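Letter by letter, the chains look like this.
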Amino acid sequence: VFRNLKNAKQFAIDIGGSLTKIAYYSTVSFRRVYYAADNVDKNNDEDKDEKQDKFVYTYSEQARLHFVKFETKYIENCLDFIGENLVSSDERKGKSIKATGGGAYKYSKLIQEKLGLEVDKEDELDCLIIGCNFLLKNISDEAFVYNRNGSPEYEFQTADPHVFPYMLVNIGSGVSILKVESDSSYERIGGTATGGGTFWGLGTLLTKAKSFEDLLDLAEKGDHRKADMLVKDIYGGDYKNLGMHSDLIASSFGKVCPRQNAESDYNEADLARSLLFAISNDIGQIACLYAMMHSLKKVYFGGYFLRNRSLSMHTISFSIKFWSRGTVHSLFLRHEGYLGAIGAFLKGTE
Ligand code: ADP
């Protein structure tokens, strides 16, 4: 659903390896209705006429940022959407479009040809950090801790100007790990190519899932113990000397190969879950090692891979807690996939 496009005033685009994200700004008019007198009985029909007289209307306009995403392979459709809704043809001469992500370079010519707009390119990591800092400092309930068995399950954080230092792990097609020390100082300290694109790619090979959502739904239904080799499959129980619980994964997909008995018969949902665990556990462990190496206590996760899904967030939280023995905290973001688009948008308002 594309909301408030008619009032769309300004926008920015983040063209990633898998997904293209757009943030657009518009104003929304609100009409508020309330009773002027508290002594009107709202349930009494005899008071009905009086009630009519006592209605008071106020009007206000609020700024809103809206978000839309397209798969980057449909970039032409995305540009058509922009052409039809976000820039009118009489506005285009001499104007530019604020763009970030690798596609700002790759598709620069296509954008120019299709929309007649110059591309004003912004560095993707700069945008990512600007977007993340903006959300953490200004938007209450943006960041949250996820505790699967906790009460509450979601522990929302209030906006806080004192967010630094922190680590940001952006799980997009690939993974970037950034140490952020202030508004103007950050460093890419690591990363891995085993990221969201890997999950999506291998998941497509292993299952019949038609969409990313389908693949995640499968993972939620599956039983990874059918495909993964656990400590108990090797030891018959816990590995007591090392304090390793019998249910820990010793080898992801390790049971697929020996396949000695019917017990290890797996279906595609089991494989999807096994894959989600393999990738999320490793990202969690890598993130934890970087956080400990740089003495950072807070790790925020961005990127479109997580989709705020509880299974993925739990796996990452568990992994970080396990490897750091509870000293590193993982936090998630409601607008996880739009950090770069928000940052590019904010750059356009400077
Ligand atoms: P990038 O900027 O590299 O495209 P994103 O932060 O947009 O990175 O995340 C892309 C990843 O998000 C994909 O690799 C995939 O794992 C995941 N993803 C989430 N939703 C979708 C979707 N609808 N289609 C494809 N991938 C998706």
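Higher on the page you've got the structure.
Just so it is clear, the model here is predicted, and its values are computed rather than measured. The written sequence of each chain sets the order in which its residues are numbered from 1. In view of the model being predicted, local features appear only for residues whose pLDDT reaches at least 70, and side-chain atom pairs are presented and counted only at 80 or more, with totals across whole chains, interfaces and linings using the full set of residues. Heavy atoms throughout the structure, all of them, feed into the side-chain values; hydrogens and water do not.

A. Local environment of the packing of aromatic side chains. Classification of ring pairs rests on two measures: the distance between centres of Phe, Tyr or Trp rings, Trp counted by its six-membered ring, which must be within 6.5 Å, and the angle between planes, read as stacked under 30 degrees, edge-to-face over 60 and tilted in between. Scanning the entire structure with this criterion turns up 18 aromatic pairs. On the basis of an interplanar angle of 40° and a centroid distance of 6.1 Å, the ring pair of Phe144 and Phe332 is categorised as tilted. With Phe144 in strand S6 (residues 143–146) and Phe332 in strand S14 (residues 329–333), this residue pair connects regions lying 188 residues apart in the sequence. Just as Phe144 is buried, Phe332 falls in that class too. Arranged with centres 4.3 Å apart and planes meeting at 15°, the rings of Tyr235 and Tyr239 form a pair that is stacked. When its relative accessible area of 46% is taken as the criterion, Tyr235 is described as partly exposed. Residue burial is assigned from relative accessible area. The probe radius is 1.4 Å, only protein chains are included, and a residue is buried under 20% of its type maximum, exposed over 50%, and partly exposed in between. For Tyr239, a relative accessible area of 24% gives the class partly exposed. Joined through ring pairs, the aromatic side chains of Phe144, Tyr146, Tyr154, Phe156, Phe301 and Phe332 make up one cluster. Put simply, DSSP H or I for four residues or longer makes a helix, DSSP E for two residues or longer makes a strand, and each gets a number counted from the N terminus.

B. A look at the nonpolar core. The biggest cluster of nonpolar side chains holds 35 residues, and the ones touching the most others in it are Met167, Val169, Ile171, Phe199 and Phe301. Looking at this core, the elements with two or more residues in it are S6, strand S8 (166–171), strand S9 (175–182), helix H7 (212–221), helix H9 (268–293), strand S13 (298–302) and helix H10 (310–324). Sorting elements by how many residues they give to this core places H9 first, with nine residues. Once residues within four sequence positions are removed from consideration, Met167 is found in contact with Ile177, Leu178, Ile189, Ala287, Tyr290, Ala291, Leu296, Lys298, Val299 and Tyr300. Nine residue types can take part in a nonpolar core, namely buried Ala, Val, Leu, Ile, Met, Phe, Trp, Tyr and Cys, and a core is a set of them joined through side-chain atoms within 4.5 Å. Counting residues in each nonpolar core, the second largest holds 28 residues, with Leu19, Cys127, Ala143 and Leu346 among its members. The contact criterion used throughout is that any non-hydrogen atoms of two residues lie within 4.5 Å.

C. Quick look at the site of the ligand. The ligand sits among 17 residues. The nearest are Lys21, Ser173, Gly196, Tyr304 and Arg307. Two N or O atoms count as a polar contact when they lie within 3.5 Å, although within protein this holds only if one can serve as hydrogen donor and the other as acceptor, and sequence-adjacent residues are included solely when both atoms are side-chain atoms. At a separation of 2.9 Å, an oxygen atom of the ligand approaches a polar backbone atom of Leu19. Residue exposure ignores everything except the shown protein chains as possible cover, and the areas themselves are Shrake-Rupley values with a 1.4 Å probe. About the coverage of the ligand: the protein hides 90% of its 570 Å² of free accessible area. Those elements that provide at least two residues to the shell around the ligand are strand S2 (19–35), strand S3 (55–71) and helix H6 (196–206). Sort the elements by how many residues they give to the shell around the ligand and H6 lands first, with three residues. As a working rule, the residues Ala, Val, Leu, Ile, Met, Phe, Trp, Tyr, Cys and Pro are called nonpolar, Asp, Glu, Lys and Arg charged, and the rest polar, with Gly in that last group. Grouping the constituent residues of the shell around the ligand by class yields five nonpolar, eight polar and four charged. Throughout the structure description, domain borders are defined by an automatic or database domain assignment. Two domains each donate at least three residues to the shell around the ligand, and these are domain 1 (5–121) and domain 2 (196–337). Here a residue counts as near a molecule or strand whenever at least one of its heavy atoms sits within 4 Å of it.

D. Here's a closer look at the packing of H9 against H10. As a packed pair, H9 and H10 sit with axes 8 Å apart at the nearest point and diverge in direction by 40°. For the element pair H9 / H10, the angle class is oblique. Remark: the crossing between H9 and H10 carries right-handed chirality. Residues Arg273, Leu276, Phe277, Ser280, Asn281, Ile283, Gly284, Gln285, Ala287, Cys288 and Met292 of H9 form the contact with H10, whose participating residues are Leu311, Ser312, Thr315, Ile316, Ser319, Ile320, Trp323 and Ser324. Class assignment for the residues of the contact of H9 with H10 results in ten nonpolar, eight polar and one charged. For helices, the axis comes from a line fit to the C-alpha atoms of the stretch in contact; other axes are also lines fit to C-alpha atoms, and the angle between any two N-to-C directions lies between 0 and 180 degrees. Just so you know how the angles are binned, under 35 degrees is roughly parallel, over 145 roughly antiparallel, 65 to 115 roughly perpendicular, and the rest oblique. By convention, the crossing between two helices is left-handed when the near helix turns anticlockwise from the far helix through less than a right angle, and right-handed when the turn is clockwise.

E. Geometry of the side chain of Arg273. With respect to the helices, strands and loops of the structure, Arg273 is situated in helix H9. In this charge count, Lys and Arg are treated as positive and Asp and Glu as negative; neither His nor the chain ends contribute. When a carboxyl oxygen of Asp or Glu is within 4 Å of a side-chain nitrogen of Lys or Arg, the pair counts as a salt bridge. Of the side chains bearing the opposite charge, Asp223 lies closest to the buried Arg273, which forms no salt bridge; the N-O distance is 6.0 Å. A polar atom in the side chain of Arg273 sits 3.4 Å from the backbone oxygen of Gly222. With near-sequence residues (within four places) excluded, Arg273 lies in contact with Ala219, Glu220, Lys221, Gly222, Asp223, His224 and Leu311.

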